[in-house]
Amino acid sequence: MKIEQIYTGCLAQGAYYIVSENEAAIIDPLRETKPYIERLEKDGVKLKYIFETHFHADFVSGHLDLSKKTGAPIVYGPTAEPDFEAIIADDNQIFEIGNIKIKVLHTPGHTLESSTFLLIDEDGRETAIFSGDTLFLGDVGRPDLAQKAAHMTQQQLAGMLYESLQSKIMPLADDITVYPAHGAGSACGKNMQKETVDTLGNQKKTNYALNQPDKESFVREVLDGLSAPPKYFGMNVALNKGGYSSFEEVLEKGNNPLDTEAFQNLAEESGALILDTRSAADFHKGFIPNSVNIGLKGDFAPWVGAMIVDVQQPILLVCDSGTEEEVITRLSRVGFDNVLGYLYGGFESWKNSNKETDSIHRISPQEFAEQFNENSKVIDVRKESEYEAEHVENAFRRPLANINEWASMIDDGEHFFIHCAGGYRSMIAASILNSRGIRNFSEVDGGFNKIKETGIPKSNFVCQSKI
């Protein structure tokens, strides 16, 4: 038996490839199927089942393409109602792969169809659980995403999750390995550990959600401090439940090089958003007017989802040469399939054509310290927990995720400074504000990580683990 965790850092997502004898199973695959097909061919095994722990909200699964290419059926837990052919398993139903078995444990709460898959090895020993978004390391799945579809309150879903954990997960042996669907950085939980594999016994000791004295306490603690889910989540659920274009079609459409004239004309005709995926260090020096910068080298796909929201939005790309296919792939993982093409030769070709360009005023932390005074207006776009831990004295807390709510309140007649932790998120914010005609600001390179090394007054530090 072989178990391989295929972890994708930018999505903090774990897919699983399991082999026994000449058969295999894949759990929660990503959109592009090539890595799985290559593994199957290399091992000389047949894919027997594709297991989905639930209808994912934060990424588009590769279940449909993978099923079409291999003939393997898709398996969901009880109550799932996909718009395509699939096996809807019963609670405790067992599936055989080679000499091992996978038992379906229906664990609703995160969503109504959420299920945990219990692996039983060749000797009949319960060995591991693939817990999806039911149980994370350090946390449990947020119970507020399925409210509308379930016609239930988040309190009711949280109570359902408590019952699932108590009746299905907690009775399992401590030496069972936990393989979750997500790790730290995912918006599907609030307190996940950086590790991606653990024993159930250790989670019983260290996971706050598994150490509540009763259901009431569990519901209160799990719901406390939940930020609003990214708005693209619902669209991804719809794609996972209803179907989508094949990844190959999406890649072929988007992998369309355009010279500067064709790029400009298509931008004007289509109303496409110009997404510049270069680094903040390059973007701020020069870019196509009204471009939005979300750097590829960062949490690219989740921020695209959170900022652009509408997966149908036409997009034109400005990329570092050679990264175009990676950009299109990572966009497709969160359902943004409507890429019309990319600027051939990147921004340099635009600049060399003597077309209009724009720039962002970026300053160093030292310059910020020199210009800062008691009347300075500072906008901090980090998460609330980061801000509460420590911030520039009297800075305004304006999380990037909520920019559409606070951008309209800015008085562009008053200069302000803007920063995040390191410069990635503040440049996203700067580009969005700039595209909306808000330009009277200075973005601080290096963010708070560098600002705190200066003499600028700061709040007292509070350990984030205690917030």
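Enquirer: Quick question: what am I supposed to make of the overall build of the protein chain here?
Expert: Along the protein chain, the regular secondary structure elements total 18 helices and 22 strands. Its C-alpha atoms give the protein chain a radius of gyration of 24 Å, within 12% of the compact-globule value 23 Å for 467 residues. For the protein chain, the spread of C-alpha atoms along the three principal axes comes to 70 × 50 × 40 Å. Counting all 467 residues of the protein chain, 56% fall into the buried class. Counted over contacts in the protein chain with a minimum sequence separation of 6, partners at least 24 positions apart contribute 68%. When the accessible surface of the protein chain is totalled, it reaches about 19600 Å², and 45% of it is carbon and sulfur.

Enquirer: Before we go on, may I ask you to explain the side chain of Thr-323 in this structure?
Expert: Tracing the backbone shows Thr-323 in the loop between strand 16 (315-318) and helix 12 (324-332). Within the structure, Thr-323 has its side chain in polar contact with the backbone oxygen of Asp-320 (distance 2.6 Å).

Enquirer: Could you clarify how one ought to interpret the pattern of salt bridges in this entry?
Expert: When the charged atoms of two side chains with opposite charge come close together, those side chains can pair. One pass over the structure, following the stated rule, counts 24 salt bridges. Between Lys-351 and Glu-348 there is a salt bridge, with its nearest N and O atoms 3.4 Å apart. Residue Lys-351 and its partner Glu-348 are located together in helix 13 (residues 346-352), separated by three residues, close to a single helical turn. Judged by relative accessible area, Lys-351 falls into the partly exposed class, the value being 41%.

Enquirer: How should I be thinking about the sheet that holds strand 12 (residues 198-199) in this particular structure?
Expert: Two strands in a sheet stick together by hydrogen bonds in their backbones, pointing the same way (parallel) or opposite ways (antiparallel). With mixed pairing, six strands are arranged side by side in an open sheet as 7-8-9-10-11-12. If you trace the sheet from one side to the other, it starts and ends with strand 7 (94-97) and strand 12, each paired once. Where strand 11 (residues 177-180) and strand 12 come together, two bridges link them in antiparallel fashion. Residue pairing in the sheet places Val-178 in a bridge with Asp-198 of strand 12.

Enquirer: What is the right way to read the nonpolar core from this model?
Expert: Most often, soluble globular proteins keep nonpolar side chains buried together rather than apart. Grouped together as the largest cluster of nonpolar side chains are 79 residues, with contacts concentrated most on Ile-294, Met-307, Leu-317, Leu-331, Ile-403 and Leu-433. Each residue touching Ile-294, except ones within four places of it in the same chain, is listed here: Leu-275, Asp-276, Thr-277, Phe-300, Trp-303, Val-304, Met-307, Tyr-424 and Ile-428. Formed by 22 residues, the second largest nonpolar core is a distinct cluster that contains Ile-129, Ile-169, Leu-200 and Ala-209.

Enquirer: Help me understand unusual backbone geometry, please; the structure alone is not making it clear to me.
Expert: Outside of glycine, negative phi angles account for most residues, and trans bonds account for most peptide bonds. Of note, the phi angle at Asn-92 is positive, near 75 degrees, even though the residue is not glycine. Mapping Asn-92 onto the fold places it in the loop between strand 6 (87-88) and strand 7. Residue Asn-92 is classed as partly exposed on the basis of its relative accessible area, which comes to 39%. Although it is not a glycine, Asn-290 sits at a positive phi angle of roughly 75 degrees. A residue is classified by how much of its surface remains accessible, and Asn-290, at 48% relative accessible area, is partly exposed.

Enquirer: Can you help me understand the packing of aromatic side chains in this one?
Expert: Between two aromatic rings, the relevant description is the distance of the centres plus the angle of the planes. For the coordinates displayed, the defined rule picks out 16 aromatic pairs. A ring pair is formed by Phe-51 and Phe-95, whose centres lie 5.6 Å apart and whose planes are at 80 degrees; its orientation type is edge-to-face. Pair noted here: Phe-51 is in strand 4 (residues 46-51) and Phe-95 is in strand 7, with a separation of 44 residues, a long-range link. In this structure, Phe-51 and Phe-95 share a single accessibility class: buried. Ring centres 5.0 Å apart and planes at 50 degrees place the aromatic pair Phe-51 and Phe-117 in the tilted group. A residue pair is termed long-range when its members are at least 10 positions apart, and Phe-51 in strand 4 and Phe-117 in strand 9 (residues 115-120) qualify at 66 residues. Across the pair, Phe-117 and Phe-51 agree in class, each one buried. Ring-pair connections join several aromatic residues into one group, and the members of that group are Tyr-49, Phe-51, Phe-95 and Phe-117. In this structure, Arg-31 packs its charged tip against the face of Tyr-244, placed 4.5 Å from the ring centre. In this structure, Arg-382 packs its charged tip against the face of Phe-448, placed 4.4 Å from the ring centre.

Enquirer: Is there a simple way to think about the pairing of strand 22 (residues 441-444) in this case?
Expert: The side chains of a regular strand alternate, residue by residue, between the two faces of the sheet. Going residue by residue along strand 22, you find Phe-441 and Glu-443 tucked away on one face and Ser-442 and Val-444 tucked away on the opposite face as well. Sheet analysis places strand 18 (residues 362-363) next to strand 22, joined by two bridges and oriented parallel. By the bridge assignment, Ile-363 is partnered in strand 22 with Val-444. Pairing geometry for strand 21 (residues 416-419) and strand 22, over three bridges, is parallel. Residue pairing for strand 22: Ile-418 is matched across the bridge by Glu-443.

Criteria and thresholds
- Sequence order sets the numbering: in each chain, residues are counted from 1 along the sequence as written.
- Whole-chain, interface and lining totals are the exception, using all residues; otherwise, since this is a predicted model, local features are given only for residues with pLDDT of at least 70 and side-chain atom pairs are given and counted only at 80 or more.
- Only hydrogens and water are set aside; all other atoms, that is, all heavy atoms of the structure, feed into the side-chain values.
- Secondary structure elements are defined from DSSP: runs of H or I of at least 4 residues count as helices, runs of E of at least 2 residues count as strands, and each element is numbered from the N terminus.
- Only C-alpha atoms enter the radius of gyration; for comparison, a globular chain is expected to reach 2.2 Å times N to the power 0.38, where N is the number of residues.
- Any residue under 20% of the maximum accessible area for its type is buried, any over 50% is exposed, and the rest in between are partly exposed; the area is computed with a 1.4 Å probe on protein chains only.
- Contacts are assigned to residue pairs that have any heavy atoms within 4.5 Å of one another.
- Only the protein chains shown count as covering a residue, and every accessible area follows the Shrake-Rupley method with a 1.4 Å probe.
- Any pair of nitrogen or oxygen atoms within 3.5 Å is treated as a polar contact; in protein, a donor-acceptor pairing is required on top of that, and neighbouring residues in sequence qualify only through side-chain atoms on both sides.
- Criterion for a salt bridge: a side-chain nitrogen of Lys or Arg within 4 Å of a carboxyl oxygen of Asp or Glu.
- Any two strands with at least two DSSP bridges between them are considered paired.
- Working definition of a nonpolar core: buried Ala, Val, Leu, Ile, Met, Phe, Trp, Tyr and Cys residues. They are joined through side-chain atoms within 4.5 Å.
- Stacked, edge-to-face and tilted are the three classes for Phe, Tyr and Trp ring pairs, Trp counted by its six-membered ring, which pair at centre distances within 6.5 Å; planes under 30 degrees apart are stacked, over 60 edge-to-face, the rest tilted.
- For a lysine, the NZ atom is tested; for an arginine, the CZ atom; a charge sits over a ring if that atom is within 6 Å of the ring centre and within 35 degrees of the ring normal.

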